[in-house]
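Here is how the chains run, residue by residue.
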Amino acid sequence: MSAADHLVVVGCSWGGLDALSRLLAHVPQDLPAAIVVAQHRMHDASYLAELLARHTDWPVCEAEDKEPISVGHVHLAPPGYHLLIDGHRLALSTEGPVRHSRPSIDVLFESAAEAFTHRVVGVVLTGANSDGARGLVRIVRRGGRAVVQDPATAARRDMPEAALATGVDATVAPLEEIGPLLGQMITSHPQGERSSSHPQGERSST
Amino acid sequence: MDLLLEAVYRHYGFDFRQYARPSLRRRLTRRLSLEGLQTLSGLQERLLHEPECMERLLLDLSINVTAMFRDPSFFRVFRTKVVPLLRTYPFIRIWNAGCSTGEETYSLAILLREEGLYDRTRIYATDINEAVLVQARQALFPLEKMKEYTENYLASGGSRAFSEYYVAAYEGAQFDRSLGDNIVFARHNLATDRSFNEFQVVVCRNVMIYFDMSLQNRVHDLFYESLQRLGVLALGPKESIAFTSHADHYDVLDPQNKLFRKAR
Ligand SMILES: C[S@@+](CC[C@H](N)C(=O)[O-])C[C@H]1O[C@@H](n2cnc3c(N)ncnc32)[C@H](O)[C@@H]1O
């Protein structure tokens, strides 16, 4: 397993299982990135990893605290915890729900923006609330990219619409096209920039 | 952020320098906006000049959430996999580190009493926060929690009526005082204090999740040193030993419930 240079952070809520399955099925096998997912779900829904693993050859695991982020892996936020990016590791927190959600998509996205700056793509999928909108804005502000599921194709359009309503510069696409799009965004990323900045370690200051 | 944490430490002695950064950053940012301030240096200034502001930040930063028989499957597996090991010892010492208000400690005491081991057990329950220890010693928990705790207890393999263990009083559910007989609640800071005994079991759940990698490693040094050979280490459900410097020193007793056994 090698440390990831690029990060794809995905947020979804209502209708998320089906959406994630379809997204993962079209992610290029050799995408040089890790995928980290925050989905709102019930407390006992710990079989999400198993269900998603049927749609991708990448290992799909629920995150543990301080686990290294690995290329070619899908890391899932466990129910009842916030998932944050800490340098090149995952960190969990039981801090209270943020705008009624734990995991909170905004919490994941904001910490990803902080740690991976321009080497993050934030993806907002179906959902019946507005989580992820603020986080997506932060990602783009720090030089990362944004993708939003085409609201017309979403099981619930509130979340994609809320993300777009921020006016953030995002690419809108149906699920099946998001994987290939990630491939283009990440491989076409200027090489020079890659080495110029590594994930900010836990000692970095604000 | 480093500067602010350093200043808080120098001025008040509260040491958050080795707490996990991303969630610390979130909570500082939140405090910043609640105080109507713009910059971390502005917050730093207010913290140093207004102890009330420091009090508010302390509340933001301290997470004491706990419950009796929290994660029932942990206690179920503790009964089936750890209790048989403990039966072989004439005297049992357990360190419950980061015990908060004591719910976890009394849960262990109840379990051990039911297994007939409590009389020869001593539980050292420690926390950095004196206020939670004062509460823990009272063994008084909110009545409205008893439904949840009863369910947890039954799911953990408890076979009695949970209500046998407490009396409902006006102030809350007063737990059987004799459960506290073999518990010592004491202040101990995992970041700075040393080991103080040798134990068969160390239970430290949902505490290190707030620490950064280097402090986690320090605490794992402490636990490794404090466990006797073949002693058991219990961590929270999403905590792992795999990413620490002691990964190779333990065998996995139960991977889901994070029970490890000091092997070498
Ligand atoms: C979330 S509670 C966990 C309570 C219990 N172990 C459980 O799992 O339900 C975390 C506790 O760790 C304590 N703690 C935090 N930093 C500590 C330190 N440096 N040394 C000892 N305890 C600490 C806090 O005061 C708090 O009571």
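Quick caveat: nothing in here was measured; it's all calculated off a predicted structure.

## A look at the sheet that holds strand S4 (residues 74–76) of chain A
Residues and elements named next belong to chain A.
Right, so step 1: One open sheet holds the seven strands; their spatial order is S3-S4-S2-S1-S7-S8-S9, and the pairing between them is parallel. Because the sheet does not close on itself, it has two edges, and the strands there are strand S3 (60–62) and strand S9 (171–173). Averaged over neighbouring strand pairs, the angle between their axes works out to 20° when direction is ignored.
Right, so step 2: Along the sheet, helix H1 (residues 16–25) makes contact with strand S1 (6–12), strand S2 (33–39), S4 and strand S7 (120–124), crossing S2 at roughly 170°.
Right, so step 3: Contacts from helix H3 (residues 105–116) reach S1, S2 and S7, with the element oriented near 165° to S1.

## Focus: the domain arrangement of chain B
All names here are of chain B.
Right, so step 1: Under the domain assignment, chain B is made up of domain 1 (2–61) and domain 2 (72–139 + 179–262).
Right, so step 2: The straight-line distance from the C-alpha centre of domain 1 to that of domain 2 is 30 Å.
Right, so step 3: Each partner contributes to the interface: domain 1 provides five residues, whereas domain 2 provides six residues.
Right, so step 4: For the pair domain 1 and domain 2, the two sides together bury roughly 540 Å², of which 50% comes from carbon and sulfur.
Right, so step 5: Contact with domain 2 buries area across many residues of domain 1, yet Gln18, Tyr19 and Ala20 alone supply 83% of it, more than any other trio.
Right, so step 6: Connecting domain 1 to domain 2 are zero salt bridges.
Right, so step 7: Where domain 1 packs against domain 2, one counts three residue pairs in polar contact (both at pLDDT 80 or more).
Right, so step 8: Considered class by class, the residues forming the side of domain 1 that touches domain 2 number two nonpolar, one polar and two charged.

## Describing the nonpolar core
Right, so step 1: Core analysis: the biggest nonpolar cluster contains 71 residues, and Ile85(A), Leu190(B) and Phe223(B) have the highest contact counts within it.
Right, so step 2: Here the element with the most residues in this core is H3(A); it accounts for seven residues.
Right, so step 3: Lining this core are residues from two domains, each supplying at least three of them: domain 1 (2–61) and domain 2 (72–139 + 179–262) of chain B.
Right, so step 4: Setting aside anything within four residues of it in sequence, one finds Leu190(B) in contact with Trp95(B), Ala97(B), Cys204(B), Val207(B), Phe211(B), Arg218(B), Val219(B), Leu222(B) and Phe223(B).
Right, so step 5: With 44 residues, the next largest nonpolar core counts Leu86(B), Cys99(B), Leu108(B) and Ile183(B) among its residues.

## Comments concerning the site of the ligand
All names here are of chain B.
Right, so step 1: Taken together, the neighbourhood of the ligand is formed by 20 residues, with Thr66, Arg70, Glu104, Asp127 and Asn206 sitting nearest.
Right, so step 2: Within the side chain of Asn64, an N or O atom sits 3.0 Å from an oxygen atom of the ligand.
Right, so step 3: Within the side chain of Asp127, one N or O atom sits 2.6 Å away from an oxygen atom of the ligand.
Right, so step 4: Burial of the ligand by the surrounding chains reaches 97%, relative to a free accessible area of 610 Å².
Right, so step 5: In terms of residue class, the shell around the ligand is made up of eight nonpolar, eight polar and four charged.

## Describing the sheet that holds strand S4 (residues 166–168) of chain B
All names here are of chain B.
Right, so step 1: One open sheet accounts for three strands, arranged S3-S5-S4; its pairing is antiparallel. The outermost strands of the open sheet, each flanked by one partner alone, are strand S3 (140–141) and S4.
Right, so step 2: Direction of pairing for S4 relative to strand S5 (residues 173–175): antiparallel, over a ladder of three bridges. Considered in S5, the bridge of Tyr166 is made with Phe175.

What counts, and where the lines are drawn
Residues numbered from 1 in each chain as written. Chains lettered and ligands numbered in written order. Predicted model: local features only at pLDDT ≥ 70, side-chain atom pairs only at ≥ 80, totals over all residues. Heavy atoms only, no water. Pairing = 2+ DSSP bridges. Helix = DSSP H or I, 4+ residues; strand = E, 2+ residues; numbered from the N terminus. Axes fitted to C-alpha atoms, helices over the stretch in contact; angles between N-to-C directions. Contact = heavy atoms within 4.5 Å. Domains from an automatic or database assignment. Buried area = accessible area lost by both parts, 1.4 Å probe. Salt bridge = Lys/Arg side-chain N within 4 Å of Asp/Glu carboxyl O. Polar contact = N/O pair within 3.5 Å; in protein donor to acceptor, adjacent residues only side chain to side chain. Nonpolar A, V, L, I, M, F, W, Y, C, P; charged D, E, K, R; others polar. Core = buried A, V, L, I, M, F, W, Y, C linked by side-chain atoms within 4.5 Å. Buried < 20%, exposed > 50% of the residue type's maximum accessible area, 1.4 Å probe, protein only. Near = heavy atom within 4 Å. Areas by Shrake-Rupley, 256 points an atom, 1.4 Å probe, with all protein chains shown as cover.

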